[in-house]
Amino acid sequence: MASRDPRWVLKDRPSFALIIGLIVTGLCALVSFAFDVLNGAPVQFFISLILALAPVPLLLAAVLALDRMEPEPRSNLIFAFAWGAGVAVLVAGVINSLNLHYIIDAANLSAASARNVAATFGAPVVEETMKGLVLLGLLRFRRAELDGPTDGIIYASMVGLGFAMSENVSYYIAALNSDQGGIGLAVTVVLRGVLSPFAHPLFTSMIGVAVAYAAQRQGSDRVFSILAGWVGAMLLHGLWNGLSSYGGFPGLVIAYLVLLVVLVVLIALVIRDRRRIVALIQRYLPPYEPTKLVNQADIHMLSALSRRRQARQWAKVHGGRRGLRAMSDYQLAATELGLLHERAARRMIDEQTFHEEQRALLECMSTARASFPVPPAHFGAGARGTPPPGYAPG
């Protein structure tokens, strides 16, 4: 352990399997886009792609704003987004097309009626299953990353945003090819890109919360929670599609109200989860004060996002990028230490794993703390011992 970079425990380096997964999802995205090009002229495809990509940075920023207390590894977030934009969209698109043809032939319905039936009863099952698979993968191979409902919501939102982006390209091309042309495209962009950009993330968040709950539990309760979340996602998705297809404007209003309620509930879960993490920090970090790696000022700083941000700004002003990186590493390692104790208390990890990760996190905190900037005003205090933390309010 002594020769190993302690930052391994922060899990910010992509594995070989993850790199292969990104290649596969990228190829699937290219195949999906190739189908879009075949369905419309190249110019139409590029117009649709630009319109689908335009809101993505803002939407990603809104989702990642929820992930500030204990940020998830970037590589995992990228993979979740890529899975939604590539594998999930491609497979769901093929299956939905086959379902549509089957409904037309078996039920002898018109194309419009068959699309409404497929969208209400078939698409939710297929699409939520394909999006949810990446969350099951996280539960199986990255269970330690699912520390609470916030993590489940974040990963579900990332896969949902990727799926919605690729799906929007197909919808925009179909609108351009319709009789209404530009007007149809404008209406579709407003409905999908402006008024309901978070629909897919909200649907899949039902699975995300359920998987995160299962990650914290043992036994049969895990299977039941995952099934409940999966059914909830399908029902919410089907309700949205059904009200939009059959309810007209009143149905659309009801659908938006339902999504609004779901959004409020999820935000409440995130707020509650942040309070839980703060409580873990305040409970498990004080016993480490004799190590000189943490003190009451540090715990006070770690207990609020505003004070964490203030500390990073202080570190950047006095220490530049190196100071900022040190403070960010310290905050993440200290937070992970509190979560590590919770996993041990829940018997989710064995004693050997606990001590290995504990030591790595303490080494990371030590390395980061040694890189904290020391402003001239604190040189005297530093000569007498540990310099006072300049980021501590008051």
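Look up: the structure comes first, before these words.
Anyway, here's the lowdown on the structure attached to this text. (Residues numbered from 1 in each chain as written. Predicted model: local features only at pLDDT ≥ 70, side-chain atom pairs only at ≥ 80, totals over all residues. Heavy atoms only, no water.)

**What to know about the side chain of glutamate 72**
Note on placement: glutamate 72 falls in the loop between helix 3 (56-64) and helix 4 (74-107). Despite its burial, glutamate 72 pairs with no opposite charge; the closest candidate is arginine 343, at 8.9 Å N-O. A polar contact is formed between the side chain of glutamate 72 and the side chain of tyrosine 155, at a distance of 2.9 Å. Beyond its immediate chain neighbours, meaning those up to four positions away, glutamate 72 contacts Asp67, Leu77, Glu145, Asp151 and Tyr155. (Helix = DSSP H or I, 4+ residues; strand = E, 2+ residues; numbered from the N terminus. Buried < 20%, exposed > 50% of the residue type's maximum accessible area, 1.4 Å probe, protein only. Lys, Arg positive; Asp, Glu negative; His and termini not counted. Salt bridge = Lys/Arg side-chain N within 4 Å of Asp/Glu carboxyl O. Polar contact = N/O pair within 3.5 Å; in protein donor to acceptor, adjacent residues only side chain to side chain. Contact = heavy atoms within 4.5 Å.)

**Observations concerning unusual backbone geometry**
The backbone of lysine 292 sits at a positive phi, close to 65°, despite the residue not being glycine. The topology assignment puts lysine 292 in the loop between helix 10 (248-284) and helix 11 (296-302). Residue lysine 292 is classed as exposed on the basis of its relative accessible area of 60%. Of note in the backbone geometry, arginine 347 takes a positive phi value of approximately 60° without being a glycine.

**A short note on the packing of aromatic side chains**
Overall, the coordinates contain 5 aromatic pairs when judged by the stated rule. Ring centres of phenylalanine 45 and phenylalanine 46 lie 5.3 Å apart, and the angle between their planes is 70°; on these two criteria the pair is classed as edge-to-face. Judged by relative accessible area, which is 7%, phenylalanine 45 ranks as buried. Geometrically, the ring pair formed by tryptophan 240 and tyrosine 256 is edge-to-face, given 5.1 Å between the ring centres and 85° between the ring planes. Here tryptophan 240 is found in helix 9 (residues 220-246), whereas its partner tyrosine 256 is found in helix 10, with 16 residues between them in sequence. A residue is classified by how much of its surface remains accessible, and tryptophan 240, at 11% relative accessible area, is buried. A cation over an aromatic ring shows up here: arginine 192 above the ring of tyrosine 171, its NZ or CZ 3.9 Å from the ring centre. (Phe/Tyr/Trp six-rings, centres within 6.5 Å; stacked < 30°, edge-to-face > 60°. Lys NZ or Arg CZ within 6 Å of the ring centre and 35° of its normal.)

**Comments concerning a nonpolar patch on the surface**
Taken together, the side chains of Phe249, Val253, Leu257, Leu260, Leu263, Val264, Ile267 and Ile271 define a hydrophobic patch exposed on the protein surface, amounting to about 730 Å² of accessible area. For valine 264, the position within the fold is in helix 10. (Patch = residues over 30% accessible without salt bridge, like charges linked within 9 Å, V, L, I, M, F, W, Y side chains within 5 Å. Areas by Shrake-Rupley, 256 points an atom, 1.4 Å probe, with all protein chains shown as cover.)

**Regarding the side chain of arginine 343**
Within the element layout of this structure, arginine 343 appears in helix 12 (residues 305-345). Among all residues touching arginine 343, those that are not within four sequence positions of it are Ala144, Asp147, Glu336, Met348, Ile349 and Glu357.

**What to know about the packing of helix 8 (residues 199-215) against helix 10**
Two elements in contact, helix 8 and helix 10, have axes separated by 11 Å at closest approach and are oriented at 50°. Regarding the angle of helix 8 to helix 10, the classification is oblique. Helix 10 is crossed by helix 8, and the crossing has left-handed handedness. Residues Ala199, Leu202, Phe203, Ser205, Met206 and Val209 of helix 8 pack against Leu259, Val262, Leu263, Leu266 and Leu269 of helix 10. Across the contact of helix 8 with helix 10, the residue classes tally to 10 nonpolar, 1 polar and no charged. (Axes fitted to C-alpha atoms, helices over the stretch in contact; angles between N-to-C directions. Parallel < 35°, antiparallel > 145°, perpendicular 65-115°, else oblique. Left-handed = near helix turned anticlockwise from the far one by under 90°. Nonpolar A, V, L, I, M, F, W, Y, C, P; charged D, E, K, R; others polar.)

**With respect to helix 4**
End to end, helix 4 covers 46 Å across 34 residues, agreeing with the expected 50 Å (1.5 Å per residue, within 8%). Approximately 40° is the largest bend angle found in helix 4, and it occurs at tryptophan 83. Backbone geometry just after helix 4 places asparagine 108 at a positive phi near 55°. (Expected span 1.5 Å × (residues − 1). Bend = angle between axes of the 7 residues up to and from the residue.)

**Describing the environment of leucine 161**
For leucine 161, the location among the structural elements is in helix 6 (residues 149-177). Given a relative accessible area of 5%, leucine 161 falls into the buried group. It is 7.4 Å that separates the C-alpha atoms of leucine 161 and phenylalanine 198, two residues lying 37 residues apart in sequence. Residues within four places of leucine 161 in sequence aside, it is in contact with Leu59, Leu60, Val63, Phe81, Pro197 and Pro201.

These figures come from the coordinates and say nothing about function on their own.
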